[in-house]
Amino acid sequence: MLLRRSLHPKSVWRMLPLNHTDAGEQAGELLLEGASARLMLKDCQAVAVFACTLGADFDRLVRTVQARSMADALLMDCCGSALIEEVCDALQQEILQAVPYSHGTDRFSPGYGDLPLQLQFPIIHLLDAQRKTGIHLTPSGLMNPQKSVTAFIGLSDAPQRARIRGCAYCEMKEHCTIRKGGRTCGMESK
């Protein structure tokens, strides 16, 4: 509870029209390439793209705790992962209440499936997320603060079923370095 009260998450989002093209799913000026995005967005008319973060205060808090106890810092990092997911869930509900579409897909982020991580750069630029949320990107596309997320939600007038769940459905399953390391990217079956 103390951790929750000490954090001030920030987020920004935009709704973009969606065009299904041969090159990929065109969401405004963003091209969402690959079979995963095509499958996820195939019945959608628009996309909400967002960025959110727990902020630099969380990173500083973890470093402070880490100086005293690595075990406590690990526990705090895990709590941060759960908290950023709560922030994403709440933002997704906020988006669905604000847009003229009544249904959304699951969240889908750059780096999932065959959607390139390098898509982070145009997303951060499009949303002006560096200024509005404090999210910065490393040259390789990783985000700082660490507990930050960018994602898409397909928007539609029709109910959307979960289309991408777990390694068995992933286009990258045979070549995935995450899976070869014995882990997953978090897109598990429910």
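These remarks concern the structure in this document. Predicted, not measured: the structure shown is a model, and the values here were computed from it.

### Section: the environment of Pro17
Alright, step 1. Tracing the backbone shows Pro17 in strand S1 (residues 10-21).
Alright, step 2. Judged by relative accessible area, which is 54%, Pro17 ranks as exposed.
Alright, step 3. Setting aside anything within four residues of it in sequence, one finds Pro17 in contact with Gln26, Ala27, Gly28, Gln45 and Ala46.

### Describing helix H5 (residues 120-127)
Alright, step 1. If you check which residues of H5 are buried, you get Gln120, Ile123, Ile124, Leu126 and Leu127. Within H5, the buried residues cover an arc of 165° as seen down the axis, which keeps them to one side.

### Here's the deal with the sheet that holds strand S8 (residues 148-156)
Alright, step 1. A sheet is described by the order of its strands in space; here six strands give the open sequence S3-S2-S1-S4-S8-S5, paired in antiparallel fashion. Strands with a single pairing partner mark the edges of an open sheet, and in this sheet they are strand S3 (30-32) and strand S5 (103-104).
Alright, step 2. Where S1 and strand S4 (residues 46-53) come together, eight bridges link them in antiparallel fashion. Residue pairing across strands places Pro17 opposite Ala46, the latter belonging to S4.
Alright, step 3. Across the sheet, helix H4 (residues 70-98) touches S1, S4, S5 and S8, and the angle it forms with S4 is around 145°.

### Let's talk about the pattern of salt bridges
Alright, step 1. Inspection of every chain in the model, using the stated rule, returns six salt bridges.
Alright, step 2. Arg60 is the partner of Asp57 in a salt bridge, and the nearest nitrogen-oxygen pair spans 2.4 Å. Taken together, the residues Asp57 and Arg60, both in helix H3 (residues 56-68) and three residues apart, mark about one turn of the helix.
Alright, step 3. Where salt bridges share partners, they join Glu85, Asp89 and Arg107 into one cluster.

### As for the packing of aromatic side chains
Alright, step 1. By the definition in use, this model includes one aromatic pair.
Alright, step 2. Between the aromatic rings of Phe108 and Tyr112, the centroid separation amounts to 6.2 Å while the plane-to-plane angle is 85°, which identifies the pairing as edge-to-face.
Alright, step 3. The buried category is assigned to Phe108, whose relative accessible area is 3%.

### Considerations on the environment of Val99
Alright, step 1. Tracing the sequence through the fold places Val99 in the loop between H4 and S5.
Alright, step 2. Looking at Val99, the relative accessible area reads 10%, which means it is buried.
Alright, step 3. Considering only alpha carbons, one finds Val99 and Met15, 84 residues apart in sequence, at a separation of 7.7 Å.

### Notes on the nonpolar core
Alright, step 1. One finds Leu30, Leu32, Val49 and Phe152 to be the most contacted residues of the largest nonpolar core, which totals 24 residues.
Alright, step 2. No other element matches the four residues that H5 contributes to this core.
Alright, step 3. Setting aside its immediate chain neighbours within four residues, Leu30 contacts Leu16, Glu25, Val49, Pro122, Ile123, Leu126 and Phe152.
Alright, step 4. Counting residues in each nonpolar core, the second largest holds 23 residues, with Phe58, Leu83, Cys88 and Leu155 among its members.

### Details of unusual backbone geometry
Alright, step 1. Following Asn144, the chain continues into Pro145 via a peptide bond in cis, with omega recorded as 0°.
Alright, step 2. The phi angle at Asp128 is positive, at roughly 55°, despite the residue not being glycine.
Alright, step 3. Structurally, Asp128 can be placed in the loop between H5 and helix H6 (129-133).
Alright, step 4. Residue classification places Asp128 among the partly exposed positions, given a relative accessible area of 28%.

Thresholds applied
Each chain carries its own residue numbering, running from 1 in the direction its sequence is written. Where local features are concerned, this predicted model is filtered to residues with pLDDT of at least 70; where side-chain atom pairs are given and counted, the filter is 80 or more; whole-chain, interface and lining totals use all residues. Values shown for side chains rest on all heavy atoms present in the structure; no hydrogens or waters enter the calculation. The numbering of helices and of strands both runs from the N terminus, where a helix is a DSSP run of H or I of at least 4 residues and a strand a run of E of at least 2. Under the scheme applied here, a residue whose accessible area is under 20% of the maximum for its type counts as buried, over 50% as exposed, and between as partly exposed, the area being computed with a 1.4 Å probe on protein chains only. Contacts are residue-level and defined by heavy atoms, with any inter-residue pair within 4.5 Å sufficient. To be clear, the arc concerns the directions from the helix axis to the C-beta atoms. Strands are treated as partners if at least two bridges between them are detected by DSSP. Between N-to-C directions, angles cover 0 to 180 degrees, with each direction set by a line fitted to C-alpha atoms, over the stretch in contact for helices. For this analysis, a salt bridge means a side-chain nitrogen from Lys or Arg found within 4 Å of a carboxyl oxygen belonging to Asp or Glu. The aromatic pairing rule takes the rings of Phe, Tyr and Trp, using the six-membered ring of Trp, and pairs them if the centres are within 6.5 Å, calling planes under 30 degrees apart stacked, those over 60 edge-to-face and the rest tilted. What is meant by a nonpolar core is a set of buried Ala, Val, Leu, Ile, Met, Phe, Trp, Tyr and Cys residues, joined one to another through side-chain atoms within 4.5 Å.

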